[in-house]
Amino acid sequence: CREVAGAELTVLVTSAMMRTTQNAGFYIDKSCQSSDRGQTDPDKLYTALINSQRITAWENNKLVGLARALDDGILTAYIHYVLVNPKYQGRGIASNLVEMIKNKYKDYLYIELMPDEKKNVNFYQKLGFNIVKEGTPMQLCNPETMKVKL
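Here the structure is a predicted model, which is why all the values come from computation and not from measurement. (Residues numbered from 1 in each chain as written. Predicted model: local features only at pLDDT ≥ 70, side-chain atom pairs only at ≥ 80, totals over all residues. Heavy atoms only, no water.)

We now examine unusual backbone geometry. Look at E134: it is not a glycine, yet its phi comes out positive at around 70 degrees. With respect to the secondary-structure elements, E134 resides in the segment after α4 (121-126). (Helix = DSSP H or I, 4+ residues; strand = E, 2+ residues; numbered from the N terminus.)

Take a look at the structure:
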């Protein structure tokens, strides 16, 4: 696992589209999808990745894991997602990605996340994260903003 910059982002844009593609094998967030199955805008994915901290896991030249985090520069970091191809799950890849993020932000007061599925809560608890008492995750989703404009 390692951080990514520069030319590798082109590869990551393609790979990040796995998050919205059934055939790619990565988890798909079905809670925020448009009924129109139009093409996701790769420029927006590129911009999102370039403006984030990225840590990846590779086997040879194949991207098998991707974690993305956002931060305010001093106090709080947010883990946006940790993706591992199901064929590679159970090998400690996601744990390594999260540990690298934790290390990167070890001097921050908060490292926060919102698992997309409740079944992942136990995974994050094993890595030291706690459920926020009295907290409730919330989200506003605008899936149409990610579509390619023709």
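Before going further, it helps to examine the side chain of R54. Secondary-structure assignment places R54 in strand β2 (residues 53-59). Overall, R54 belongs to the buried group, its relative accessible area being 9%. At 3.5 Å, the side chain of R54 forms a polar contact with the backbone oxygen of I50. Side-chain polar atoms of R54 contact the backbone oxygen of S52, separated by 2.3 Å. (Buried < 20%, exposed > 50% of the residue type's maximum accessible area, 1.4 Å probe, protein only. Polar contact = N/O pair within 3.5 Å; in protein donor to acceptor, adjacent residues only side chain to side chain.)

Take the pattern of salt bridges next. Considering all chains together, one arrives at three salt bridges under this definition. Residue E59 pairs with R91 through a salt bridge whose shortest N-O separation is 3.9 Å. Separated by 32 residues along the polypeptide, E59 in strand β2 and R91 in the loop between β4 (76-84) and α3 (93-104) bring together distant segments of the chain. Among the ionic pairs, E117 bridges to K119, the shortest N-O distance being 3.9 Å. Residue E117 is classed as partly exposed on the basis of its relative accessible area of 28%. (Salt bridge = Lys/Arg side-chain N within 4 Å of Asp/Glu carboxyl O.)

With that settled, the discussion passes to the packing of aromatic side chains. Under the definition given, this model contains three aromatic pairs. Taking 4.8 Å as the distance between ring centres and 80 degrees as the angle between the ring planes, the aromatic pair formed by Y105 and Y108 counts as edge-to-face. With a relative accessible area of 18%, Y108 lands in the buried category. Measuring from centroid to centroid gives 4.9 Å for F123 and Y124, while their planes differ by 75 degrees, and the two rings are edge-to-face. Its relative accessible area of 24% is what places F123 among the partly exposed residues. Judged by its relative accessible area of 11%, Y124 is buried. Members of the aromatic cluster, connected to one another through ring pairs, are F123, Y124 and F129. (Phe/Tyr/Trp six-rings, centres within 6.5 Å; stacked < 30°, edge-to-face > 60°.)

Time to look at the confidence of the model for the protein chain. Segments scoring low in pLDDT should not have their predicted coordinates read at a detailed level. Averaged over every residue, the pLDDT of the protein chain is 78; the share at 70 or more is 69%. Mean pLDDT across the elements of the protein chain bottoms out in helix α1 (residues 8-16) (51) and peaks in strand β5 (residues 110-113) (96). (pLDDT = per-residue confidence, 0-100.)

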